[in-house]
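Inside the fold
For reference, the chains in residue letters:
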Amino acid sequence: MRNLQIPLLQHVGKPCQAIVKAGDEVIMGQLIAEPSGLGSKIHASASGKVAEVTETVIILEPLIEQPAKPLLIRETSDILEATYEAGIVGAGGAGFPTHVKLNVNLEGGVVIANGVECEPFLNHNIKQMEEEPDVVIRGLRYAMKVTNAAKGYVAIKAKNTGAITAINAVIGGAADLEVKLLPDMYPMGEERAIVREVLGKLLSPNELPSVAGVVISNVETLCNITHAVEDRLPVITKNITVVGKLAGGKEGKIFMNVPIGTPVAELLAECGGIEEPYGDLIIGGPFMGQSGKPETPVTKTSGGVLVTIPFPQESRPIGLLVCGCGATEARLREVAGRMGAPITAIQRCKQVVDMKNGAIKCEKPGDCPGQAERILDLRKNGAQVLLVGTCSDCTNTCMSVAPKLKMPIYHHTDHVMRTMGKKLVRRLEV
């Protein structure tokens, strides 16, 4: 096992403060960093020696022989306390500290288990629901209990029949639990999209699900709650999907319980290694993932590792269309640069809303009003081709306009879709 690089920021909030130093011997499961404000505890994902501690990372040299079980968190009958002690954060990618999210009185409201896994090609949530549906449902019930919710839903794409069958078998005839089926399109896993699809309520970009009496938690997060409450286990592993341009085949592999801090190179090696030449190594999913490197470590929020074919090359002036549901402007600039395309103009989807923290959100995720005005403006400002980072529905509307203007379109996920031999994100039948 290579050295583990355990980041001190694996959650929304501030970086944790290390409570170990170089040279210390640590045991798997031992607390090694504590929150300094909003944050989540970090535990050693292996037994070994601390090689280095910086402001951003703890580097751990693992022993060859590892214990069968980690140190346990302290015993408690309080669900919130167990969640805090275990260092649980949103495993779906957002990384919000779960003990904070669950510290709310829903007064008979709803907890929704997010099993949508809306990013293409990621399947570890589906595998967990298929193989551990009872653990998911027990976690859902713990979340319902601590938030005083009266109803629990499990949101799953209708196409994932195996997961649906497994979850329904555990739910049985329970009146307070129900599976909700969602369409297979991006961004159905976004929190406000889930609330809209499950409850028929549209929240504004500034409103949290709690405004509608809802808490949403990823299914892997719920499993972590179950293990914290019942087994006193800290979060020291993550489930990961690895696919793409791999020597072992593009379908790759789903890895369960990967130690936090593991370089993704180890996972790639178990898939036969990267097949050269390749273009991008994405950490996350095709829509929201970011470029990484083989030495990038697995964190509590890692979801996918996608290796792609080389980027298409484009010399014509390109216009960028930024979406609140898809690629950021920075990501589109990166993709355009790696395509070799000079950027001549930038526009944003008309439904983009600026948030106080500097981020952007979509006013109505997955329900696009049309992009004709934006595309015309990009063309007016010199764009001969278009690069969009839009959700599925926005891409549909772009495809209704740009071809009529004889403007070829690239989507920022094209190199991923071509790698996997799938249809490009264009007009989708839902």
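Look up a bit, the structure's there.
Scope of this entry: the structure provided in the associated data block. (Residues numbered from 1 in each chain as written. Predicted model: local features only at pLDDT ≥ 70, side-chain atom pairs only at ≥ 80, totals over all residues. Heavy atoms only, no water.)

Brief notes about helix α9 (residues 329–339)
Inspection of α9 places R331, L332, V335, A336 and M339 among the buried residues, and these make up the whole buried set. One side of α9 carries all its buried residues, which in axial view fall inside an arc of 135°. Pointing more than 90 degrees away from the buried face of α9 are the exposed residues A330 and G337. Of the residues one or two after α9, G340 is the one with positive phi, at around 85°. (Buried < 20%, exposed > 50% of the residue type's maximum accessible area, 1.4 Å probe, protein only. Helix = DSSP H or I, 4+ residues; strand = E, 2+ residues; numbered from the N terminus. Arc of directions from axis to C-beta.)

Considerations on the packing of helix α3 (residues 124–131) against helix α7 (residues 219–231)
Running from amino to carboxyl end, α3 crosses α7 at an angle of 45°, the nearest separation of the two axes being 9 Å. One finds that α3 runs oblique with respect to α7. Across from H124, N125, Q128 and M129 in α3, the residues of α7 making contact are V219, E220 and C223. Taken together, the residues of the contact of α3 with α7 sort by class into three nonpolar, three polar and one charged. (Axes fitted to C-alpha atoms, helices over the stretch in contact; angles between N-to-C directions. Parallel < 35°, antiparallel > 145°, perpendicular 65-115°, else oblique. Contact = heavy atoms within 4.5 Å. Nonpolar A, V, L, I, M, F, W, Y, C, P; charged D, E, K, R; others polar.)

Overview of the sheet that holds strand β15 (residues 290–291)
The five strands are arranged β13-β12-β16-β14-β15 in an open sheet whose pairing can be described as mixed. Sheet topology places β13 (253–259) and β15 at the edges, where each strand pairs with a single neighbour. Pairing of strand β12 (residues 237–244) with strand β16 (residues 304–307), which is carried by four bridges, proceeds in the parallel orientation. Opposite G244, over in β16, you have V307 as the bridge partner. (Pairing = 2+ DSSP bridges.)

Quick word on the packing of aromatic side chains
Tallying each qualifying case throughout the model produces one aromatic pair. With a centroid separation of 3.8 Å and an interplanar angle of 5°, the aromatic rings of Y186 and F287 are classed as stacked. Taken together, the residues span a long stretch of sequence, with Y186 in the loop between β10 (177–182) and α6 (191–199) and F287 in the loop between β14 (281–283) and β15 at a distance of 101 residues. On the basis of relative accessible area, F287 is assigned to the buried category, the value being 2%. (Phe/Tyr/Trp six-rings, centres within 6.5 Å; stacked < 30°, edge-to-face > 60°.)

Structural notes on the side chain of T83
Of note, T83 is situated in helix α1 (residues 79–85). Discounting chain neighbours no more than four positions away, the residues touching T83 are I88, T98, H99 and I225.

Some thoughts on the state of the cysteines
According to the stated counting rule, one finds zero disulfides in the structure shown. In this structure C325 is a free cysteine whose sulfur lies 3.9 Å from that of C362, the closest cysteine sulfur available. Relative accessible area serves as the criterion here: at 8%, C325 is assigned to the buried category. (Disulfide = S-S within 2.5 Å.)

Some details on the sheet that holds strand β6 (residues 48–53)
Strand pairing in a sheet is mediated by backbone hydrogen bonds. Such pairs are either parallel or antiparallel. The strand order across the open sheet formed by four strands is β1-β7-β6-β3, and the pairing between neighbours is antiparallel. The two strands at the open ends of the sheet, each matched to only one other strand, are β1 (4–7) and β3 (25–26).

Comments concerning the pairing of strand β17 (residues 318–322)
Counting buried residues along β17, five of its five residues qualify, which places the element largely inside the surrounding structure. Burial along β17 is two-sided: the face carrying I318, L320 and V322 and the face carrying G319 and L321 are both buried. Traced from β17 through α9 to strand β18 (residues 343–348), the parallel crossover comes out right-handed. In this sheet, strand β21 (residues 385–388) lies alongside β17 in parallel orientation, the contact comprising four bridges. Its bridge partner being in β21, I318 is matched across the sheet by V385. (Right-handed = clockwise from strand over helix to strand, strands pointing away.)

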